Amino acid sequence: MARNVVPAGDCRHCSEPTLACSHNHFQADDLIIDTWEHKCANCGFRETVAFRSDDESWDPDTVTRETCPYCRRTVHS
Ligand SMILES: [Zn+2]
Ligand SMILES: [Zn+2]
């Protein structure tokens, strides 16, 4: 499991610069899951999204598992 966390700027709920963006990557045989989480250390605000390789409900042309849907950073940045 790979996990990386970077500062994600100001929380839109409490306006403190305590938001963190974390990415997790899971792989088990053919299943790949990438999750993104934004969490505020100050007020506890949290939002997450998970992209599963077996889930067709998201459009791979407009959404990529390797880009955070909240702050648009990529896994490699
Ligand atoms: Zn906050
Ligand atoms: Zn992010």
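Each value, and the rule that gives it
- Residues numbered from 1 in each chain as written.
- Chains lettered and ligands numbered in written order.
- Predicted model: local features only at pLDDT ≥ 70, side-chain atom pairs only at ≥ 80, totals over all residues.
- Helix = DSSP H or I, 4+ residues; strand = E, 2+ residues; numbered from the N terminus.
- Buried ≥ 20, exposed ≤ 12 C-beta atoms within 10 Å, placed from the backbone.
- Pairing = 2+ DSSP bridges.
- Contact = placed C-beta atoms within 7 Å.

*Asks:* I'd like a description of the overall build of the protein, backed by residues and values.
*Replies:* Check the secondary structure of the protein and you find zero helices and four strands. The order of α-helices and β-strands along the protein, N terminus first, is β-β-β-β. With the principal axes as the frame, the protein shows a C-alpha extent of 40 × 25 × 20 Å. Burial statistics for the protein: of 77 residues in total, 13% are counted as buried.

*Asks:* Go over the pairing of strand 3 (residues 31-40), please, and point to the residues and values.
*Replies:* Direction of pairing for strand 2 (residues 19-28) relative to strand 3: antiparallel, over a ladder of ten bridges. Bridged to H23 within strand 3 is W36. Linking strand 2 to strand 3, which pair antiparallel, is a turn of two residues; within it D29 sits at a positive phi near 55°. Here strand 3 folds back onto strand 4 (residues 46-52) in antiparallel fashion, the turn holding five residues, of which G44 has a positive phi close to 85°.

*Asks:* Before we move on, could you go through the environment of F51 and cite the residues and values that matter?
*Replies:* Within the secondary structure, F51 is located in strand 4. Owing to 19 C-beta atoms within 10 Å, F51 belongs among the partly exposed residues under this scheme. Residues contacting F51, with those up to four places away along its chain left out, are I33, D34, W58 and R65.

*Asks:* Can you explain the environment of E16? Please cite residues and give values.
*Replies:* Relative to the assigned elements, E16 resides in the loop between strand 1 (2-7) and strand 2. Judged by local crowding, E16 falls into the partly exposed class, with 13 C-beta atoms found within 10 Å. Sequence spacing of E16 and F45 is 29 residues, and the spatial spacing of their C-alpha atoms is 11 Å. Apart from the residues lying within four places of it in its own chain, the contact partners of E16 are D10, C11 and N42.

*Asks:* Lay out unusual backbone geometry with the relevant residues and their values.
*Replies:* Excluding glycine, a negative phi dihedral is what most residues carry, and trans is how most peptide bonds are arranged. In this model, S15 sits at a positive phi of 65°, which is unusual for a non-glycine residue. One can find S15 in the loop between strand 1 and strand 2. Phi at R72 is positive, roughly 70°, even though this residue is not glycine. Note on placement: R72 falls in the segment after strand 4.

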